[in-house]
Amino acid sequence: MTTNEITANAENYYQGLVQNVTRTSIVDGDFVKLRQLTLGYTFPSELFNSVPVLKGLTASIVARNLAILMRKAENIDPEATFGSNINYLGIEGTSLPSTRSIGFNLNFKLN
């Protein structure tokens, strides 16, 4: 790496960057996330009068990590980690995108 006609190898360059974190390197980490949404329907108990074992049924759809509604750091997921074996808090880099999941639940009420 060459800066202002000074050459340094990559290891020394990045060690120097990490050791000299300034105010311009820090971003506001405030965020608001839609973390989980559940939509469900409970079937009327009259539907199960003829079924001796079942008293009720609820079906629902569950979705997680649907959206980031507000964040101060536009290009960073505030909950992303740097790596699974590196214990750096508050440092962003080389992280994978957050996963979104959608599932289906059936809850049975038994007699």
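Thresholds, definitions, all that
- Residues numbered from 1 in each chain as written.
- Predicted model: local features only at pLDDT ≥ 70, side-chain atom pairs only at ≥ 80, totals over all residues.
- Heavy atoms only, no water.
- Phe/Tyr/Trp six-rings, centres within 6.5 Å; stacked < 30°, edge-to-face > 60°.
- Buried < 20%, exposed > 50% of the residue type's maximum accessible area, 1.4 Å probe, protein only.
- pLDDT = per-residue confidence, 0-100.
- Helix = DSSP H or I, 4+ residues; strand = E, 2+ residues; numbered from the N terminus.
- Pairing = 2+ DSSP bridges.
- Patch = residues over 30% accessible without salt bridge, like charges linked within 9 Å, V, L, I, M, F, W, Y side chains within 5 Å.
- Areas by Shrake-Rupley, 256 points an atom, 1.4 Å probe, with all protein chains shown as cover.
- Salt bridge = Lys/Arg side-chain N within 4 Å of Asp/Glu carboxyl O.
- Contact = heavy atoms within 4.5 Å.
- Axes fitted to C-alpha atoms, helices over the stretch in contact; angles between N-to-C directions.

Some points on the packing of aromatic side chains
The geometry of two aromatic rings is summed up by the distance between their centres and the angle between their planes. What the rule picks out here adds up to one aromatic pair. With a centroid separation of 5.0 Å and an interplanar angle of 90°, the aromatic rings of Tyr41 and Phe43 are classed as edge-to-face. Classification of Phe43 by relative accessible area gives partly exposed; the value is 30%.

A look at the confidence of the model for the protein chain
Averaged over every residue, the pLDDT of the protein chain is 82; residues scoring 70 or more account for 86%. Taking the mean pLDDT of every element in the protein chain, the minimum, 72, falls on strand 1 (residues 2-3) and the maximum, 95, on strand 5 (residues 101-110).

Some remarks on the pairing of strand 4 (residues 54-71)
The pairing of strand 3 (residues 31-42) with strand 4 spans eleven bridges and is antiparallel. What sits directly across from Gln36, in strand 4, is Arg64. Pairing analysis gives ten bridges linking strand 4 to strand 5, with the strands arranged antiparallel. Within the sheet, the bridge partner assigned to Val62 lies in strand 5 and is Gly103.

Looking at a nonpolar patch on the surface
Where nonpolar side chains cluster on the molecular surface, the patch consists of Val51, Val53, Ile61, Ile102, Phe104, Leu106, Phe108 and Leu110 and spans about 820 Å² of accessible area. Structurally, Ile102 is set in strand 5. Residue Ile102 is classed as exposed on the basis of its relative accessible area, which comes to 66%.

Observations concerning the side chain of Lys33
Relative to the assigned elements, Lys33 resides in strand 3. For Lys33, a relative accessible area of 16% translates into the label buried. With residues near it in sequence (within four places) discarded, Lys33 still touches Asn65, Ala67, Ile68, Leu69, Asp77, Glu79 and Ser98.

Remarks on the sheet that holds strand 5
Strand order in the open sheet formed by three strands is 3-4-5, and the pairing between neighbours is antiparallel. Among the strands making up the open sheet, the edge pair consists of strand 3 and strand 5. Geometrically, the sheet is characterised by an average inter-axis angle of 20° between neighbouring strands, direction not taken into account.

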